[in-house]
Amino acid sequence: MASSLLSTPSRTLAPAPAPAGLRGRATAQAHLPRAGLGRGVAPRRSCALRVRASVAIEKETPESEPPPTFLREDGQGAGSGSVRARFEAMIRRVQGEVCAALEEADGGGARFVEDVWSRPGGGGGISRVLQDGRVFEKAGVNVSVVYGVMPPDAYRAAKGEAGKNGAAAADGQKPGPVPFFAAGISSVLHPKNPFAPTLHFNYRYFETDAPKDAPGAPRQWWFGGGTDLTPSYIIEEDVKHFHSVQKQACDKFDPSFHPRFKKWCDDYFYIKHRNERRGLGGIFFDDLNDYDQEMLLNFATECADSVLPAYIPIIERRNDTPFNEEHKAWQQLRRGRYVEFNLVYDRGTTFGLKTGGRIESILVSLPLTARWEYDHKPEEGTEEWKLLDACINPKDWI
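Residues numbered from 1 in each chain as written. Predicted model: local features only at pLDDT ≥ 70, side-chain atom pairs only at ≥ 80, totals over all residues. Heavy atoms only, no water.

A. Region of interest: the overall build of the protein chain. When helices and strands are tallied, the protein chain shows ten helices and twelve strands. Counting over 398 residues, the protein chain shows a buried share of 57%. Summarising the internal contacts of the protein chain: among those between residues at least 6 apart in sequence, 76% fall at separations of at least 24. Carbon and sulfur atoms form 52% of the exposed surface of the protein chain, whose accessible area is close to 16,000 Å². (Helix = DSSP H or I, 4+ residues; strand = E, 2+ residues; numbered from the N terminus. Buried < 20%, exposed > 50% of the residue type's maximum accessible area, 1.4 Å probe, protein only. Contact = heavy atoms within 4.5 Å. Areas by Shrake-Rupley, 256 points an atom, 1.4 Å probe, with all protein chains shown as cover.)

B. Region of interest: the nonpolar core. Ranked by size, the top nonpolar core spans 58 residues in total, and within it Phe-87, Leu-102, Phe-136 and Phe-223 carry the most contacts. Examining the composition of this core, we find that eleven residues originate from one element, helix α1 (residues 83-106), more than from any other. Contacts of Phe-87, omitting those with residues within four sequence positions, involve Ala-183, Gly-184, Tyr-203, Arg-204, Tyr-205, Phe-223, Leu-297 and Ala-300. (Core = buried A, V, L, I, M, F, W, Y, C linked by side-chain atoms within 4.5 Å.)

C. Geometry of unusual backbone geometry. We note that Asp-132 has phi near 60 degrees; this positive angle belongs to a residue other than glycine. Note that Asp-132 resides in the loop between β4 (123-131) and β5 (136-150). If you check the backbone angles, Asn-275 has positive phi at about 55 degrees while not being a glycine. Relative to the helices and strands, Asn-275 resides in the loop between β9 (270-271) and β10 (276-277).

D. Molecular detail of the packing of aromatic side chains. Counting across every chain of the model gives 25 aromatic pairs. Measuring from centroid to centroid gives 5.3 Å for Phe-269 and Phe-341, while their planes differ by 45 degrees, and the two rings are tilted. Of the two residues, Phe-269 sits in the loop between α4 (257-268) and β9 while Phe-341 sits in helix α7 (residues 325-344), which places them 72 residues apart along the sequence. Taken individually, Phe-269 and Phe-341 each receive the classification buried, so the pair is uniform in this respect. Here the aromatic rings of Phe-285 and Phe-299 are separated by 5.3 Å at their centres, their planes lie at 40 degrees, and the arrangement is tilted. Pair noted here: Phe-285 is in strand β11 (residues 282-288) and Phe-299 is in helix α5 (residues 293-305), with a separation of 14 residues, a long-range link. The exposure classification of Phe-285 matches that of Phe-299, with both residues buried. (Phe/Tyr/Trp six-rings, centres within 6.5 Å; stacked < 30°, edge-to-face > 60°.)

E. Expanded view of the confidence of the model for the protein chain. When the pLDDT values of the protein chain are averaged, the result is 82; 74% of them are 70 or greater. Residue range residues 162-173 is modelled with pLDDT below 50. Its contacts to residues more than four positions away, or to other chains, number 21 contacts. (pLDDT = per-residue confidence, 0-100.)

F. Geometry of the sheet that holds β11. As summarised here, the arrangement of the eight strands in space is β2-β3-β4-β5-β6-β7-β8-β11, forming an open sheet in which the pairing is antiparallel. A strand with exactly one partner marks an edge of an open sheet, and here the two such strands are β2 (61-63) and β11. Within this sheet the neighbouring strands show an average axis-to-axis angle of 15 degrees, counted without direction. Looking at chain direction, β4 and β5 are connected through nine bridges and run antiparallel. Looking across to β5, one finds that Leu-130 is bridged to Ala-139. Together, β4, β5, β6 (178-191), β7 (198-208) and β8 (220-230) form the strand contacts of α1, whose direction differs from that of β5 by roughly 170 degrees. Taken strand by strand, helix α3 (residues 236-251) contacts β7, β8 and β11, and its axis lies near 160 degrees from that of β8. (Pairing = 2+ DSSP bridges. Axes fitted to C-alpha atoms, helices over the stretch in contact; angles between N-to-C directions.)

G. The state of the cysteines, seen in detail. Applying the stated criterion across every chain, the model contains zero disulfides. Cys-250 supplies the cysteine sulfur nearest to Cys-303, a cysteine that is in no disulfide, at a spacing of 5.3 Å. (Disulfide = S-S within 2.5 Å.)

H. Representation of a nonpolar patch on the surface within the structure. On the surface, Leu-343, Val-344, Leu-353 and Ile-359 cluster together to form a nonpolar patch covering roughly 310 Å² of accessible area. Structurally, Ile-359 is set in helix α9 (residues 359-362). (Patch = residues over 30% accessible without salt bridge, like charges linked within 9 Å, V, L, I, M, F, W, Y side chains within 5 Å. Salt bridge = Lys/Arg side-chain N within 4 Å of Asp/Glu carboxyl O.)

I. How the structure looks around the pattern of salt bridges. Enumeration according to the criterion identifies 29 salt bridges in this entry. Glu-237 serves as the salt-bridge partner of Arg-317, at 3.7 Å between the closest nitrogen and oxygen. Placement of Arg-317 in helix α6 (residues 307-318) and of Glu-237 in helix α3 is noted, with a sequence separation of 80 residues between them. On the basis of relative accessibility, which here comes to 32%, the residue Arg-317 falls in the partly exposed class. Using a relative accessible area of 47% as the deciding quantity, one classes Glu-237 as partly exposed. In this structure, a network of salt bridges that share partners links the residues Glu-237, Asp-238, Arg-317 and Arg-318.

J. Local environment of α5. Under the 1.5 Å per step criterion, the end-to-end length of α5 is 18 Å for 13 residues, consistent within 8% with the ideal 18 Å. Among the residues of α5, Met-295, Leu-296, Leu-297, Phe-299, Ala-300, Thr-301, Cys-303 and Ala-304 are the ones counted as buried. Its side-chain oxygen at 3.0 Å from the backbone nitrogen of Glu-294, Asp-292 defines the N-terminal cap of α5. (Expected span 1.5 Å × (residues − 1). Polar contact = N/O pair within 3.5 Å; in protein donor to acceptor, adjacent residues only side chain to side chain.)

K. Layout of the environment of Gly-124. With respect to the secondary-structure elements, Gly-124 resides in strand β4. For Gly-124, a relative accessible area of 0% gives the class buried. Distance from Gly-124 to Val-143, taken between C-alpha atoms, is 8.7 Å for residues 19 residues apart in sequence. Each residue touching Gly-124, except ones within four places of it in the same chain, is listed here: Phe-70, Trp-117, Ser-118, Arg-119, Ser-144, Val-145 and Val-146.

Okay, here's the thing in structure tokens:
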């Protein structure tokens, strides 16, 4: 498919009354960066989308259509049986299935637009965005498969530590560039209806080889990812369904996975300056390599395949639920929390911003609109208060 550019004009919501039970002063509304560009704007350069540690080491080249594979026949894992090739095939299949299901659920004729890009050093990606549909205000589903070499400082930032391949050599000198491979799928879905929750999922695979001037350093690989739900209102039927699907996916591989990865999710999506979580959690894991590689590949595949069964039934139940301006204002306030977490704490977002990544891809996770009110506090006992309490005190929904 030829790359196309978004032409939908941006909209800013008119100031709405504060939700029932909220006390606030000095309301502020913000229009946020968009994932697309208007027609007539010069072609964009792209970078890997939110695959942790896929950095803008080289400039990217727009392409007219996606290739059959982003891998090469030069030792870069192009064999059909390699983990690299199988992971790429999985994320591209899931991207297609999720986009098709979301277009059908939207039901208004809106379609994903696509940007395809390649890196001269190896790999590329496909970014797809649906914007201003009937059901979805904004939905991004993106894949990237990149490889080459990264500076050791970038590797240390990717791992969040300095004690492995990125550590200083024995003579006190930094090792040279680190050969790497990174592939992933990342998606954030923002519905219009305040009773329909936002969904985020991301699954990735990463490899590094020893730096050339650090012979004997071990080759490393790991998986990461997760799926989490961010509602504005608690509808227990929906929340229990979502968490049950996550548990079922985990239990197929190890009964310890769900409690471990649920807690990890609650801890990761914590907004420290607010003392609350971004949403109601799900599962999250990172740097996972302490199990058989084949098993973890199958586990990541199962998790990615569980996204649609976990989310589409909720959207079908809630996309036509009646709502008023007060409900919408509360949704916008909660989206403000979403923005705060992503720009301040999310490792993928902050890493991309610090390493010169493609800004449209990095910020594709942000909603079109959000809202901040000075010193807003939900009144105890209201539905808004119940949501906030659940974000402060996570619970076992199943």
